[in-house]
Amino acid sequence: MSKIATLEIDGNKYEFPIIEGTEKEFGIDIKTLRNVTGGVTTIDPGYKNTGSCESGITFLDGEKGILRYCGYTIEELAEKADFLEVAYLLIFGELPTTEQLTKFDEDIKEESHVDEDMKKILDGFPKSAHPMGVLSSLTSALIAFNPDSVDVDSEEAMYDAIVKVLAKFPVLAAWTMRKRKSLPLDYGDNSLGYVENLHKMMFSRPNKTYEANQIVNNALDKLLILHADHEQNCSTSTVRIVGSSHAGLYASLSAGISALWGPLHGGANQAVIEMLEAIKADGGDTAKYIEKAKDKNDSFRLMGFGHRVYKNFDPRAKIIKVAAEEVLADLGIEDPVLDIAKGLAKVALEDEYFVKRKLYPNVDFYSGIIYRALGIPTEMFTVMFALGRLPGWIAQWREMRLRKEPIGRPRQIYIGETERPFKSISER
Ligand code: SDX
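Below: a short report on this structure. Here the structure is a predicted model, which means the values were calculated and not measured.

## Description of unusual backbone geometry
Here is step 1 of the chain: In this model, His246 sits at a positive phi of 70 degrees, which is unusual for a non-glycine residue.
Here is step 2 of the chain: Its place among the elements puts His246 in the loop between helix H10 (234–243) and helix H11 (249–261).
Here is step 3 of the chain: Take His246: its relative accessible area is 53%, and that puts it in the exposed class.
Here is step 4 of the chain: Even without being a glycine, Lys404 presents a positive backbone phi close to 55 degrees.
Here is step 5 of the chain: Checked against the element boundaries, Lys404 lands in the segment after helix H18 (381–402).

## Observations concerning the side chain of Thr236
Here is step 1 of the chain: On the secondary structure map, Thr236 appears in helix H10.
Here is step 2 of the chain: Given the relative accessible area of 0%, Thr236 is considered buried.
Here is step 3 of the chain: At a separation of 2.9 Å, a polar atom in the side chain of Thr236 contacts the side chain of Asn233.
Here is step 4 of the chain: Setting aside chain neighbours within four positions, we find Thr236 in contact with Asp229, Glu231, Arg389, Trp393 and Gln396.

## Points about the sheet that holds strand E3 (residues 26–28)
Here is step 1 of the chain: Pairing is antiparallel across the open sheet formed by 3 strands, whose spatial order is E1-E2-E3. Two strands bound the open sheet, and with one partner strand each, they are strand E1 (4–9) and E3. With direction set aside, neighbouring strand axes in the sheet form an average angle of 30 degrees.
Here is step 2 of the chain: Sheet topology note: the E1/strand E2 (residues 12–20) ladder contains 6 bridges and is antiparallel. Bridge pairing in E2 links Leu7 to Tyr14.

## Focus on the pattern of salt bridges
Here is step 1 of the chain: Counted under the stated rule, the structure contains 28 salt bridges.
Here is step 2 of the chain: Arg68 is paired through a salt bridge with Glu23; the nearest N and O atoms lie 2.6 Å apart. Of this pair, Arg68 sits in strand E5 (residues 66–69) while Glu23 sits in the loop between E2 and E3, and the two are 45 residues apart along the sequence.
Here is step 3 of the chain: Here Arg403 ties to Glu405 by a salt bridge, and the two come within 3.0 Å at their closest N and O atoms.
Here is step 4 of the chain: Relative accessible area serves as the criterion here: at 44%, Arg403 is assigned to the partly exposed category.
Here is step 5 of the chain: Given the relative accessible area of 19%, Glu405 is considered buried.
Here is step 6 of the chain: Here the salt bridges share partners, and the residues they tie into one network are Glu277, Lys280, Asp335 and Arg372.

Scoring rules and cut-offs
Residues numbered from 1 in each chain as written. Predicted model: local features only at pLDDT ≥ 70, side-chain atom pairs only at ≥ 80, totals over all residues. Heavy atoms only, no water. Helix = DSSP H or I, 4+ residues; strand = E, 2+ residues; numbered from the N terminus. Buried < 20%, exposed > 50% of the residue type's maximum accessible area, 1.4 Å probe, protein only. Polar contact = N/O pair within 3.5 Å; in protein donor to acceptor, adjacent residues only side chain to side chain. Contact = heavy atoms within 4.5 Å. Pairing = 2+ DSSP bridges. Axes fitted to C-alpha atoms, helices over the stretch in contact; angles between N-to-C directions. Salt bridge = Lys/Arg side-chain N within 4 Å of Asp/Glu carboxyl O.

Structure below.
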C-alpha cells in the first residue's frame, strides 16, 4: 500500500499521508485537508468510512469475523478469563497478575457502597421508567456525590475514578431492577466475586437465603466479556466525544448509556425478544416477518441482524448461540423462542436479500434468550449490555484523555437558505 494518497481538485494535486495500523489497516490522514484545499472537507453520514481515532484497545475484522481485546481473541477470553480480568485487560492493556487482580478486586469492593441519598433520586422515578433512562440518570447523579473531576495526569486519581465506577455501576443497575419489582434494595456481599455479587444484588429476596448458581454465573460472566468492548461503536464514540470536551467520566458514561439504549444499537437485544415473541404469538410464521424485513415500505427490521462492521459473521453471536443452547440444557429450560430464532436465522441466511446485503445474526440476536433463561426481565437486557460494555467505555475514555485527543467537532456542508433580508411580521 502506498504511503501517500493524492487528491486532485480542479487540476490541483494534494498529497496526504496514509497511516498503517498494526493489523494492516490503512487510513488517509486528512488533518490538513481544509487548510491546503482552501476549505474543502469530506462528508460521510454515519462515519461509515471515517476513522475517528487511532486506538490500541480492540481490533475487529468484519470480513474475517475477528474480535480481539488487546491482542487476545474473544474466543479465548470468553473461554479462559473472567470478566474482571477482561475489564483490567481493556483498561490497562495487559492481563493482570494474581496480585494485580486481587488488588483490583479488593479496591472495587472497597468502593462498592453507594451514597444513601442516591436512593432518593431512584425513588423519584416511576416504577414504569425504562431502566436505561434510570441508569443513565443515576450514573450522571454519581457526579454530585463524587464531585472531584478526574485528574487524568495522575495515574492514581484515574485508577481511583475507574475503580469507583466499576464498583458503583452494578449496584445502581441492580437497584434499577429492584425498584421496578418493588423489592428492597440489596447492598451486595463483598465475599462474592464481581459477577456473582451482581447476580445476588439483582435476585436476592429478603425472606429467603440467596443461593448462587454456578451455571448462571458462568453464563453471565461470559456474556459480560462478550459485550466488554467493540472499538468505535455508537455508544463508545459518544463516550469519547463527550469526554473530549473534558466532561467527567461519569458524565461521559451517562451519555454512552443513552446512546446504547437505541434499538439500532444495544436496545436491539430487547427488540429481538419482543420480535421473537411477536412471531411466536403470530403462530411462528417466520416467512411473514422475513418478507416484512425485506419490504422497503415496511419499517420493520429483523432485529439482531446486520452489522456496520461484520459482513461475514459476528464472532460473539456464534459463541452466544452455543452458550444459549448449553444454558437452556443445563437449566432444563425449553424455550420455543430459541427454536424460532434458529428457524428465522436459517431462512434469512439462505435468502438473497440478506445474503446480498451481508446481513448475519449479531451479538444481540441470541443474547436475550440467555438473559431470559437467567430470569432477567426483558426491559433489563440493555442494562446487561451496559454492564458488559462499562470497562470498554472506561478504557476508550481513558485512552482518549491520555492521548490528549482534541475536542470532537465535525464539520458540515450547509444546504439551507442563503443570505436574505429580515421580514417584519406584517410582511410574512
Ligand atoms: C450493536 O457498531 C457496533 O459495534 C455495535 C455493536 C457493539 O457491540 O457495540 O456490535 C452492538 O449495536 C449490534 C447491532 C444491533 N442492531 C440491530 O440488530 C438492529 C437491526 N440492524 C440494523 O438496523 C443495521 O443492520 C445496523 C444498524 C446494525 C447497521 O446498519 P448500517 O451499517 O447503517 O446498514 P444500513 O442500515 O445502511 O443497511 C444496509 C442495507 C439497507 O438496505 P438497502 O438500503 O441497501 O436496500 O441492509 C438493510 C438496510 O435496509 N438492512 C436490513 C437490516 N439491517 C440492514 N434490512 C432488514 N433487517 C435488518 N436488520
